[in-house]
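# Coordinates in review
Below are the chains, spelled out letter by letter.
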Amino acid sequence: MTTGQGVQLDGLDARLIALLAAEPRIGVLECSRRLGVARGTVQARLDKLVERGVVTGFGPDISPAAIGFGVTSFVTLEISQRQGHDPVTAHLAGIPEVLEAHTITGSSDVLCRIVARSNADLQRVIDQIVSSSGITRASTIIALAEQIRYRVLPLVSSAATGDRPVRRVGWPDPERD
C-alpha cells in the first residue's frame, strides 16, 4: 500500500518492522529465519526501509522516569514573529529536558514535550525555556499518567495492509490456520 509520501509498505515490511521493534538486538539471519525469507531479502528490505526514511534508528528506547525524570509536561510557546522559529529552536535544542518540539497551528507556535525531576525542577526547566527573548508566552500542562505510550506499529500495520492487522511473528495466523 502507498503512503502519503509515496513509500510503499507490504506485509513483509510490516512484519520485519514489528520483529525489530519487539527484539531490537535480533540479527538479520535470525530475522530471515523467523520471517521465512532469505537473509538477502531481509537485508535488502531493511536497507530500503532505512534509505527511504521509514526506519529512522536502532537505538534503545529510554524511559526518562527510570533515569530520574518522572514529571512529563507539554508546553505551548508563543514566539516573536519578528525573530522567527530558528533562534527559538536553537535555544530549545540546548535544553536537555526538551525531548521534542514541533511548530504547530492555532493560538500557539511551538509545542514541546519536556521532562523534569520534580514539580519544583519543572519550574526551573520552564524558566530556562522562557529565558529566550524570542518566546513571548508559555503555557504548561503536566501529564498525570501515560495512557498510550508512543507507538507506530499499529500505523505501520495499517499502512501495509489497508487496516488489516499484521500477523505477529511466531503467532498463529487465523487466515492460514
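Residues numbered from 1 in each chain as written. Predicted model: local features only at pLDDT ≥ 70, side-chain atom pairs only at ≥ 80, totals over all residues. Heavy atoms only, no water.

With that settled, the discussion passes to the nonpolar core. With 18 residues, the main nonpolar core has Leu9, Leu16, Leu20, Cys31, Leu35, Val42 and Leu49 as its most contacted residues. Within the residue set of this core, elements represented by two or more residues are helix H1 (11–22), helix H2 (28–35), helix H3 (39–51) and helix H6 (153–161). In contact with valine 42, not counting residues within four places along its chain, are Leu16, Val28, Cys31, Ser32, Leu35 and Val37. Val71, Val75, Ile114 and Ala116 belong to the second-largest nonpolar core, a separate cluster that totals 17 residues. (Core = buried A, V, L, I, M, F, W, Y, C linked by side-chain atoms within 4.5 Å. Buried < 20%, exposed > 50% of the residue type's maximum accessible area, 1.4 Å probe, protein only. Helix = DSSP H or I, 4+ residues; strand = E, 2+ residues; numbered from the N terminus. Contact = heavy atoms within 4.5 Å.)

Quick look at the sheet that holds strand S1 (residues 71–79) now. If you trace the 4 strands from one edge of the open sheet to the other, you get S2-S3-S1-S4, paired in antiparallel fashion. Of all the strands in the sheet, just strand S2 (98–103) and strand S4 (135–143) have a single pairing partner and so form its edges. Averaged over all adjacent pairs, the angle separating strand axes in this sheet is 20 degrees, with direction ignored. Sheet topology places S1 next to strand S3 (residues 110–116); 7 bridges connect them, and they run antiparallel. (Pairing = 2+ DSSP bridges. Axes fitted to C-alpha atoms, helices over the stretch in contact; angles between N-to-C directions.)

The next thing to look at is a nonpolar patch on the surface. A surface patch of nonpolar side chains, amounting to about 320 Å² of accessible area, comprises Phe74, Ile104, Leu111 and Ile141. Along the chain, phenylalanine 74 falls in strand S1. Phenylalanine 74 sits in the partly exposed class, given a relative accessible area of 34%. (Patch = residues over 30% accessible without salt bridge, like charges linked within 9 Å, V, L, I, M, F, W, Y side chains within 5 Å. Areas by Shrake-Rupley, 256 points an atom, 1.4 Å probe, with all protein chains shown as cover. Salt bridge = Lys/Arg side-chain N within 4 Å of Asp/Glu carboxyl O.)

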